[in-house]
Amino acid sequence: MIDALIEKCPLAGPMSQYEEVYWGNPNYGSDAKLPFSLQDIDDAEERLKRFAPYIKKVFPQTDPAGGLIESPLREAVSMREAMGIEGRLFLKCDSHLPISGSIKARGGIYEILKFAETVAMEHGMLRVEEDYSKLAEAPFREFFSKYRVSVGSTGNLGLSIGIISAMFGFQVTVHMSADARQWKKDLLREKGVTVIEYPSDYQKAVAEGRKEAERDPNCHFVDDENSKDLFLGYAVAGKRLKKQLDECGITADETHPIFVYLPCGVGGAPGGVTFGLKTVIGPHIHCIFAEPTHAPCMTLGMATGLYNQVCVQDIGLDAKTEADGLAVGRASGLAGTVMETLLQGCYTVEDHKLYSYLRLLADTEHLYVEPSACAGFEGTRHVVCSDECQPVHIVWMTGGAMVPKEEMEAFYHHA
Ligand SMILES: *Cc1c(COP(=O)(O)O)cnc(C)c1O
């Protein structure tokens, strides 16, 4: 199997040795028929607006943003200087998204909002023109308690789904892989979420979540590998970032290209964001995915053209990494196929570099994020621009604000 894969795709050779690689997409920019359109993003954005009064009411920390769950885009001049990057460097701080402190607060929360809206409407309890803050009232919580939500997760998705589902009153089970951090399990249990742990990997946790939902017609399974709702929830970031770029006076064109670096696990979050950015901003914004050398499922799937029909274990890799959320052996088929023409490339990075970037970021910008969120910095090394070109680099910080202080200190001092 390994030899046949390497013959078909030479890049799999160094990948099988845990070496860092860069894969440039030969189909980037070709015409393609996509399963989603701008209309789908608009629809998701409208739904988030309808829910804003509810979110504002139950999560007061979203009050300043009027109940929208959004993160700042901030320029990082000191980090840029320290890294010696040409052009401008910005950080998209999803690490500090309200409610669950990671990029999963986009797709994960969106999917549960849509589920709550669907069941409430099916029972004649809600109309689109109403004030959705009424969903926080007792009769709704009682109604929602008849429904169940289930999800398999390495950590951050479970955190988002668990927190928002428990807030509605749904019965929620998070199937977690053994490598998930203890504090995430503790926090979920505190909120009344049932957490089931599996000694084996993430794939097993997802399979159990799916099985649980199949047995119960009132149970909604959040399918990290195939969910269109998750994907479109992430895609709304395209419209939100466009607005932030406009506010900074930044427009993407031939001589001012924008490069966006996104840490990738199963591919849904970076895939959805990329779909949103390409749809809303166009040909001069270029997205690149970052993966750990131990778990490069998307790089392998894209480079071989096999998408979710191949996994990193097929080339002898162990899928073990300290980057939470990125320890995934098999990519999402949905994300892979949508990325076929939209993604500029993928690269892999060694775990120890994530800690160096984490430290540098803390020292230069006083910003603390989790190791996986630092995978994007390495991408700036892979982009070559001509002399007349003034690039803007955006590193997507995918998580970190909820990491307990002691753990963050351990990350910082990690040898
Ligand atoms: C989930 C996650 C990602 C990647 O998202 P996928 O949809 O799994 O590709 C990246 N960084 C962090 C911190 C995450 O939690």
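Only a predicted model underlies this, so the values are computations on that prediction, with no experimental measurement involved. (Residues numbered from 1 in each chain as written. Predicted model: local features only at pLDDT ≥ 70, side-chain atom pairs only at ≥ 80, totals over all residues. Heavy atoms only, no water.)

Asker: Looking at this model, I keep getting lost on the side chain of K92. Mind explaining?
Answerer: Looking at where K92 falls in the secondary structure, it is placed in strand 3 (residues 88-93). The contact partners of K92, leaving out residues within four places of it in the chain, are E70, S71, P72, L73, R106, L241, Q244, I394, V395, W396 and M397. (Helix = DSSP H or I, 4+ residues; strand = E, 2+ residues; numbered from the N terminus. Contact = heavy atoms within 4.5 Å.)

Asker: For this particular structure, what's the right way to read the environment of S177?
Answerer: Among the secondary structure elements, S177 is positioned in strand 5 (residues 171-177). Owing to a relative accessible area of 0%, S177 belongs among the buried residues under this scheme. (Buried < 20%, exposed > 50% of the residue type's maximum accessible area, 1.4 Å probe, protein only.)

Asker: How should the packing of helix 7 (residues 156-168) against helix 8 (residues 182-190) be read in this particular structure?
Answerer: The description of two packed helices rests on the angle between their axes and on the distance between the axes. Here helix 7 crosses helix 8 at 10°, and the two axes come no closer than 10 Å. By the angle between their axes, helix 7 is roughly parallel relative to helix 8. Side by side, helix 7 and helix 8 meet where N156, G158, L159, G162 and I163 of the first sit next to W183, K184, L187 and L188 of the second. By residue class, the composition of the contact of helix 7 with helix 8 is five nonpolar, three polar and one charged. (Axes fitted to C-alpha atoms, helices over the stretch in contact; angles between N-to-C directions. Parallel < 35°, antiparallel > 145°, perpendicular 65-115°, else oblique. Nonpolar A, V, L, I, M, F, W, Y, C, P; charged D, E, K, R; others polar.)

Asker: Would you mind going over unusual backbone geometry with me for this structure?
Answerer: In most cases, non-glycine residues show a negative phi, while peptide bonds are predominantly trans. In this structure, Y18 is a non-glycine residue whose phi angle is positive, near 65°. Along the chain, Y18 falls in the loop between helix 2 (12-16) and strand 1 (22-24). Taking the relative accessible area as the measure of exposure, Y18 reaches 24% and is therefore partly exposed. Even without a glycine there, the phi angle at I99 is positive, about 80°. Among the secondary structure elements, I99 is positioned in the loop between strand 3 and helix 5 (104-122). On the accessibility criterion, I99 (8% relative accessible area) is buried.

Asker: What's the story with the environment of G158 in this structure? I'm lost.
Answerer: Along the polypeptide, G158 turns up in helix 7. C-alpha of G158 to C-alpha of A180: the two residues are 22 residues apart in sequence and 9.8 Å apart in space. Not counting residues up to four positions away in its chain, the partners in contact with G158 are V151, S153, V174 and L188.

Asker: What is the right way to read the sheet that holds strand 1 from this model?
Answerer: By definition, the strands of a sheet pair up through backbone hydrogen bonds, in either a parallel or an antiparallel sense. The strand order across the open sheet formed by seven strands is 1-10-9-8-11-3-2, and the pairing between neighbours is mixed. Each end of this open sheet is capped by a strand with a single partner; those strands are strand 1 and strand 2 (73-75). Between one strand axis and the next, the sheet turns through 20° on average, direction left out of account. In the sheet, strand 1 pairs with strand 10 (residues 343-349) via three bridges, with the strands oriented antiparallel. Looking at strand 10, one finds that G24 is bridged to G345. In this fold helix 11 (residues 237-247) packs onto strand 2, strand 3, strand 8 (258-263) and strand 11 (392-397), with an angle of close to 135° to the strand it touches most, strand 11. (Pairing = 2+ DSSP bridges.)

Asker: Whenever I open this one, helix 3 (residues 38-58) confuses me. Can you help?
Answerer: For an α-helix, the turn length of 3.6 residues means that residues three or four places apart are oriented alike. When the terminal C-alpha atoms of helix 3 are compared, their 30 Å separation across 21 residues agrees well with the 30 Å that a helix rising 1.5 Å per residue should span. If you look at helix 3, its biggest bend is around 45°, right at F51, and the proline P53 turns up within four residues after that. Of all the residues in helix 3, the buried ones are I41, A44, E45, R47, L48, F51, A52, Y54, I55 and V58. The inward-facing, buried residues of helix 3 contact helix 5, helix 7, helix 10 (228-235), helix 11 and helix 12 (268-281). (Expected span 1.5 Å × (residues − 1). Bend = angle between axes of the 7 residues up to and from the residue.)

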